[in-house]
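Structure assessment
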Amino acid sequence: MNEKLITVGEIVNTQGIRGEIKIVPHTDFPEVRFAKNSQLFIVNEAKQLHLPVTVEKAREHKKSYIVKMKEYDNINDVEKYKGCLLKVSEDQQVKLEKNEFYYRDIIGCRVVSDEGEELGVIKEILSPGANDVWVVKRPKGSDLLLPYIEDVVLDINVQDKLVKVHLMEGLL
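Residues numbered from 1 in each chain as written. Predicted model: local features only at pLDDT ≥ 70, side-chain atom pairs only at ≥ 80, totals over all residues. Heavy atoms only, no water.

With that settled, consider the packing of aromatic side chains. Within the structure shown, the criterion is met by 3 aromatic pairs. Judged by centre distance (5.3 Å) and plane angle (45 degrees), the ring pair of F34 and Y65 falls under tilted. Of this pair, F34 sits in the loop between helix 1 (30–33) and strand 3 (39–44) while Y65 sits in strand 5 (residues 64–69); the two residues are 31 residues apart in sequence, bridging distant segments of the chain. Y65 shares its class with F34; the two are buried. A cation over an aromatic ring shows up here: R104 above the ring of Y102, its NZ or CZ 4.2 Å from the ring centre. (Phe/Tyr/Trp six-rings, centres within 6.5 Å; stacked < 30°, edge-to-face > 60°. Helix = DSSP H or I, 4+ residues; strand = E, 2+ residues; numbered from the N terminus. Buried < 20%, exposed > 50% of the residue type's maximum accessible area, 1.4 Å probe, protein only. Lys NZ or Arg CZ within 6 Å of the ring centre and 35° of its normal.)

Moving on, we get to the sheet that holds strand 10 (residues 144–147). An order of 10-9-8-7-12-11 is seen for the 6 strands of this open sheet, with the pairing classed as mixed. The two strands at the open ends of the sheet, each matched to only one other strand, are strand 10 and strand 11 (153–157). Across the sheet, the axes of successive neighbouring strands diverge by a mean angle of 35 degrees, strand direction being ignored. Inspection of the sheet shows strand 7 (residues 110–113) paired to strand 8 (residues 118–126) by 3 bridges, in the antiparallel sense. Following the sheet pairing, R110 is matched in strand 8 by V121. (Pairing = 2+ DSSP bridges. Axes fitted to C-alpha atoms, helices over the stretch in contact; angles between N-to-C directions.)

All right, on to the sheet that holds strand 5 then. Reading around the barrel, the 6 strands line up as 1-2-5-4-3-6 and close back on themselves, with antiparallel pairing between neighbours. Strand-to-strand twist of the sheet, defined as the mean angle between neighbouring strand axes without regard to direction, takes the value 50 degrees. Pairing geometry for strand 4 (residues 49–61) and strand 5, over 6 bridges, is antiparallel. Directly across from E60, in strand 5, lies its bridge partner Y65.

It is worth spelling out the pattern of salt bridges at this point. Evaluation of the coordinates by the stated rule reveals 6 salt bridges. When the shortest N-O distance is used, the salt bridge between E56 and K68 registers 3.6 Å. Placement of E56 in strand 4 and of K68 in strand 5 is noted, with a sequence separation of 12 residues between them. A relative accessible area of 29% places E56 in the partly exposed class. Between K68 and D73 there is a salt bridge whose closest N-O contact spans 2.9 Å. On the basis of relative accessibility, which here comes to 56%, the residue D73 falls in the exposed class. (Salt bridge = Lys/Arg side-chain N within 4 Å of Asp/Glu carboxyl O.)

Written as structure tokens, this is what we have:
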């Protein structure tokens, strides 16, 4: 299997007795990923499981999705997939607008200040409210929290994995 896959959700439980599964989405586009006839893969690397499935129907339910796959009609058929990931092939990723990025493109980027100081590497992105916060693992000391706003994030070069920022007073 050479195809690059992108995680879009995790199967956390079953729902009812008719083969529905509860999914915690790991995507900004759950309405696309879990739409009727969407092609997904149930993946468990440890068990070498890579199973193509098709969405029959889905509904949002308390920050998760209840999804019925065409291939399964019984709780006993889907119980074994709890803990597995749902993935799509890379060629199915949603095209983004200019200046939009996938989290996976930002995590791992080096961060430098506009004065040339090496600050660390982005290890995580938090979404607490008004704007995202990028967590930068610094070589020494505690993590640096950078709000993703125009005044702070000056330039993002995904190809070179480099982000240039302006450190406003109080950020360090």
